[in-house]
Amino acid sequence: MTGPTLAVEGVAKTFGAVRAVDDLSFTVRPGAVTGFLGPNGAGKTTTLRMLLGLTRPTAGRLLVGDRPYGEHERPARVVGAALEASSFHPGRTGLAHLEVFAPQVGVSRQRCRELIEFVGLGPAADRRVGGYSMGMRQRLGLATALLGDPPAIVLDEPANGLDPEGIVWLRRLLRAFADEGRTVLISSHVLTEVQHTVDDVVIIARGKLVHASSLAALADLAEPETYVESPDPAALQRLCEARGWTAAASDRGLLVTGVVAAEVGAAAHSAGVELHQLASRGVGLEDVFLRLTGGAS
Amino acid sequence: MVAEYRKLVTTRMWWVLLLALAAYLAFIGGALAFSIVVAAENEQGDLMLHGVDAAASIYGLTNAIGYVFPLVIGSLAMTTEFRHQTITQSLLVEPRRGVFLGAKLLATLPLGLLYGVVATAAVVLASAPVLAGLGDGAFLTEPDIIEVLLLSVVVTALWAMIGVAFGSVLTNQVAAIVVILAVTQFVEPIARVALGAFDALDGVAKFLPGAAADGLIGASLLGSMDGGSAELLPRWAALLVMLAYAGILAAIGRFTTLRRDIG
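Reading the values: the criteria
Residues numbered from 1 in each chain as written. Chains lettered and ligands numbered in written order. Predicted model: local features only at pLDDT ≥ 70, side-chain atom pairs only at ≥ 80, totals over all residues. Heavy atoms only, no water. Helix = DSSP H or I, 4+ residues; strand = E, 2+ residues; numbered from the N terminus. Contact = heavy atoms within 4.5 Å. Areas by Shrake-Rupley, 256 points an atom, 1.4 Å probe, with all protein chains shown as cover. Lys, Arg positive; Asp, Glu negative; His and termini not counted. Charge placed at Lys NZ, Arg CZ, Asp CG, Glu CD. Buried < 20%, exposed > 50% of the residue type's maximum accessible area, 1.4 Å probe, protein only. Salt bridge = Lys/Arg side-chain N within 4 Å of Asp/Glu carboxyl O. Polar contact = N/O pair within 3.5 Å; in protein donor to acceptor, adjacent residues only side chain to side chain. Expected span 1.5 Å × (residues − 1). Bend = angle between axes of the 7 residues up to and from the residue. Core = buried A, V, L, I, M, F, W, Y, C linked by side-chain atoms within 4.5 Å. Pairing = 2+ DSSP bridges. Axes fitted to C-alpha atoms, helices over the stretch in contact; angles between N-to-C directions. pLDDT = per-residue confidence, 0-100. Buried area = accessible area lost by both parts, 1.4 Å probe. Nonpolar A, V, L, I, M, F, W, Y, C, P; charged D, E, K, R; others polar. Phe/Tyr/Trp six-rings, centres within 6.5 Å; stacked < 30°, edge-to-face > 60°. Lys NZ or Arg CZ within 6 Å of the ring centre and 35° of its normal.

**Quick notes on the overall build of chain A**
Now for step 1: Across its full length, chain A holds 10 helices and 13 strands.
Now for step 2: Projected onto the principal axes, the alpha-carbon positions of chain A cover approximately 75 × 45 × 35 Å.
Now for step 3: Looking at chain A alone, contacts between residues at least 24 apart form 70% of all its contacts between residues at least 6 apart.
Now for step 4: Put simply, chain A shows about 12,800 Å² of open surface, and 50% of that area lies on carbon and sulfur atoms.
Now for step 5: The distance from the centre of the 29 positive side-chain charges to the centre of the 32 negative ones in chain A is 8 Å.

Below, the structure is given as structure tokens:
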């Protein structure tokens, strides 16, 4: 299976005087999980709604494969989408919710039953959605999206309300979909929530694209941080100054930014400075995310 | 369309309203039959009805009194989508919005017919024994009466359709129900009598939706009680007028509500 490429081409959307999305272009490739990221109000949901033909763009166009969503014969068999966890009739049972949409998607009641089991709602299938928890609604939304076994899957904030177990389950599921060649696009306002799930990232802020790359390329933008501790703080301080490193007092030692641990260790060794601790603080992806989304004005 | 039908019957609302409709009409039908019969016996029935006319008017209650129920269930079919935001999912599986609206209009017909059957049955069951036992007879085999009964069912289904169309114009559920109640229980009855009182405007009254429905059935409680001043449209014209209400409201809904961005 090869999913369709999703393309956003020069899209703008204004609501009254508010420019919610501004000259936005990016593509989402099949065979990978793409994270669509940005702070609240960045325009993520508006963009997804335009992609799915619910909202009309003021300018530009959005394509699923070779044409807009609404021009596909049975669009729900091309793209499965779950937009908000709240859009269910509370008086309908979970299973009935699926059965309501099954005819237009072109699938049987049998498939509805299978899907509700698949997303782990089997025991709750005949309960009214009004009594579902947020996590259960997310699962039901996902089941709705999967009705037509679509080659592309678009989920808006799918991890919201899921318990840690559910998040791991979702991550595995999305990974499996991507490995099958499907196109998977998930939005989130928290990078760390999806950083173990996604291959690619598209980051927007205030309606504009601020970054699009693989997750690995995003990580390269992060500055490494190294925590170092010495019984002779003065010597360590002099070493940092001699090398021109940015170091800040932290705990009982120094936090050196922009330098990997190995380099700090080697420098201390050759300068004869004794170290008691040398630790890499890892890559601050969240910092990169905040820097990218905060600086776009 | 199957989907739209399933939407209607997978919630509790449809049978709650149906039961309410049946109980309400049975009560009114029985009570009215009784009062007409008693009034006739007391010889004060100048304005009151006799024989077949009495039976026709009472059987026509389905429309005269009960039409608010199919209107409400019809409007709910649309306004519920907006209240619970299921409109999003509905338009995801059917992005052609005209098709979506058309399916909803048509899917309401079977339920409307069911409402019509139940409502008419409730009226007949409650009033026929009274008419037969105390009055001039139930006339249930009279061709004119059978026509009234059948057309009552059709009219109920048409009301449900008009309800859907109205719901597509006024998508706020509470507002839609309030307007339906106000118009059906208050505005239209008064307008019909008031318009009937002026010769120049007399012709307008019969084009009001409730009057058109009466015209289609060919019997009007309101028309017969106000001294017969309000004439009714012929059946074919009345049918067209009712369809026009549904069509015009649906067209307005299509080009306002359903042209907007959803969400």
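**Brief notes about the side chain of Arg6 of chain B**
Now for step 1: With respect to the helices and strands, the residue Arg6 of chain B is situated in helix 1 (residues 2-9).
Now for step 2: With no salt bridge to any partner, buried Arg6 of chain B finds its closest opposite charge in Glu99 of chain A, at an N-O distance of 5.5 Å.
Now for step 3: A polar atom in the side chain of Arg6 of chain B sits 2.7 Å from the backbone oxygen of Glu99 of chain A.
Now for step 4: Not counting residues within four places of it along the chain, the set of residues in contact with Arg6 of chain B comprises Glu99, Val100, Ala102, Pro103 and Arg109 of chain A.

**Things to note about unusual backbone geometry**
Now for step 1: Backbone geometry places Asp251 of chain A, a non-glycine residue, at a positive phi of 55°.
Now for step 2: Given the relative accessible area of 72%, Asp251 of chain A is considered exposed.
Now for step 3: The residue Gln85 of chain B is not glycine, and still its phi comes out positive at about 60°.
Now for step 4: You can see Gln85 of chain B is positioned in the loop between helix 5 (68-83) and helix 6 (86-93).

**Regarding helix 9 (residues 173-197) of chain B**
Residue and element names in this part refer to chain B.
Now for step 1: Between its terminal C-alpha atoms helix 9 stretches 34 Å, which fits the 36 Å expected from 25 residues at 1.5 Å a residue.
Now for step 2: Along its length, helix 9 shows its largest kink, about 45°, at Val183.
Now for step 3: Those residues of helix 9 lying buried are Gln173, Ala176, Ile180, Thr184, Glu188, Arg192, Leu195 and Gly196.
Now for step 4: Taking the backbone nitrogen of Val174 as reference, a side-chain oxygen 3.1 Å away marks Asn172 as the first, capping residue of helix 9.

**Considering the nonpolar core**
Now for step 1: Among the nonpolar cores identified, the biggest contains 94 residues, and Tyr59 and Met242 of chain B are the most heavily contacted of them.
Now for step 2: With 12 residues, helix 8 (residues 143-169) of chain B is the largest single contributor of residues to this core.
Now for step 3: Setting aside residues no more than four positions away along its own chain, Met242 of chain B makes contact with Val155, Leu158, Trp159, Ile162, Ala212, Ala213 and Leu216 of chain B.
Now for step 4: Counting 51 residues, the second-largest nonpolar core is a separate cluster that includes Val107, Leu142, Leu191 and Phe289 of chain A.

**Here's the deal with the sheet that holds strand 4 (residues 59-64) of chain A**
All names here are of chain A.
Now for step 1: Reading across the sheet, the three strands line up as 2-1-4 and stay open at both edges, with antiparallel pairing between neighbours. Because the sheet does not close on itself, it has two edges, and the strands there are strand 2 (18-28) and strand 4. Ignoring which end each strand starts from, the neighbouring axes of this sheet average 20° apart.
Now for step 2: As paired elements, strand 1 (residues 6-15) and strand 2 share seven bridges and run antiparallel to each other. Bridged to Val11 within strand 2 is Leu24.

**With respect to the confidence of the model for chain B**
All names here are of chain B.
Now for step 1: Of all residues in chain B, 90% attain a pLDDT of 70 or more, and the chain-wide mean is 83.
Now for step 2: Mean pLDDT values for the elements of chain B range from 52 in helix 12 (residues 221-225) up to 93 in helix 13 (residues 235-255).
Now for step 3: With a pTM of 0.83, the predicted complex shows an ipTM of 0.81.

**Digging into the environment of Leu25 of chain B**
Residue and element names in this part refer to chain B.
Now for step 1: With respect to the element layout, Leu25 can be found in helix 2 (residues 13-41).
Now for step 2: Leu25 sits in the buried class, given a relative accessible area of 0%.
Now for step 3: For the pair Leu25 and Val123, spaced 98 residues apart in the sequence, the C-alpha separation amounts to 5.6 Å.
Now for step 4: Setting aside its immediate chain neighbours within four residues, Leu25 contacts Leu61, Thr62, Ile65, Gly66, Ala119 and Val123.

**Here we look at the interface of chain B and chain A**
Now for step 1: Counting residues at the interface gives 26 residues for chain B and 33 residues for chain A.
Now for step 2: Considering only the side of chain B, the residues that lose the most area to chain A are Arg6, Leu92 and Val93 of chain B, jointly responsible for 24% of the buried surface there.
Now for step 3: Inspection of the chain B/chain A interface yields one salt bridge.
Now for step 4: One salt bridge in this structure joins Lys13 of chain A and Asp261 of chain B, with 2.6 Å as the shortest N-O distance.
Now for step 5: The tally of links from chain B across to chain A stands at 10 residue pairs in polar contact (both at pLDDT 80 or more).
Now for step 6: Contributing elements (two or more residues each) for the side of chain B that touches chain A: helix 1 and helix 6 of chain B.
Now for step 7: The biggest single contributor to the side of chain B that touches chain A is helix 6 of chain B, with seven residues.
Now for step 8: When the residues that make up the side of chain B that touches chain A are grouped by side-chain class, the tally is seven nonpolar, 10 polar and nine charged.

**Examining the packing of aromatic side chains**
Now for step 1: The final tally for this structure, using the stated rule, is two aromatic pairs over all chains.
Now for step 2: Consider the rings of Phe26 of chain A and Phe36 of chain A, whose centres lie 5.2 Å apart with planes at 35°: the pair is tilted. Highlighted residues: Phe26 of chain A in strand 2 and Phe36 of chain A in strand 3 (residues 32-37), separated in sequence by 10 residues. Taken individually, Phe26 of chain A and Phe36 of chain A each receive the classification buried, so the pair is uniform in this respect.
Now for step 3: Plain terms: the ring middles of Tyr67 of chain B and Trp159 of chain B are 4.5 Å apart, the flat faces sit at 55° to each other, and that makes the pair tilted. Remark: Trp159 of chain B occurs in helix 8 and Tyr67 of chain B occurs in the loop between helix 4 (61-64) and helix 5; sequence separation between them is 92 residues. The residues Tyr67 of chain B and Trp159 of chain B share a single accessibility class, namely buried.
Now for step 4: In this structure, Arg254 of chain B is placed above the aromatic ring of Phe255 of chain B, and the distance from its NZ or CZ to the ring centre is 5.5 Å.

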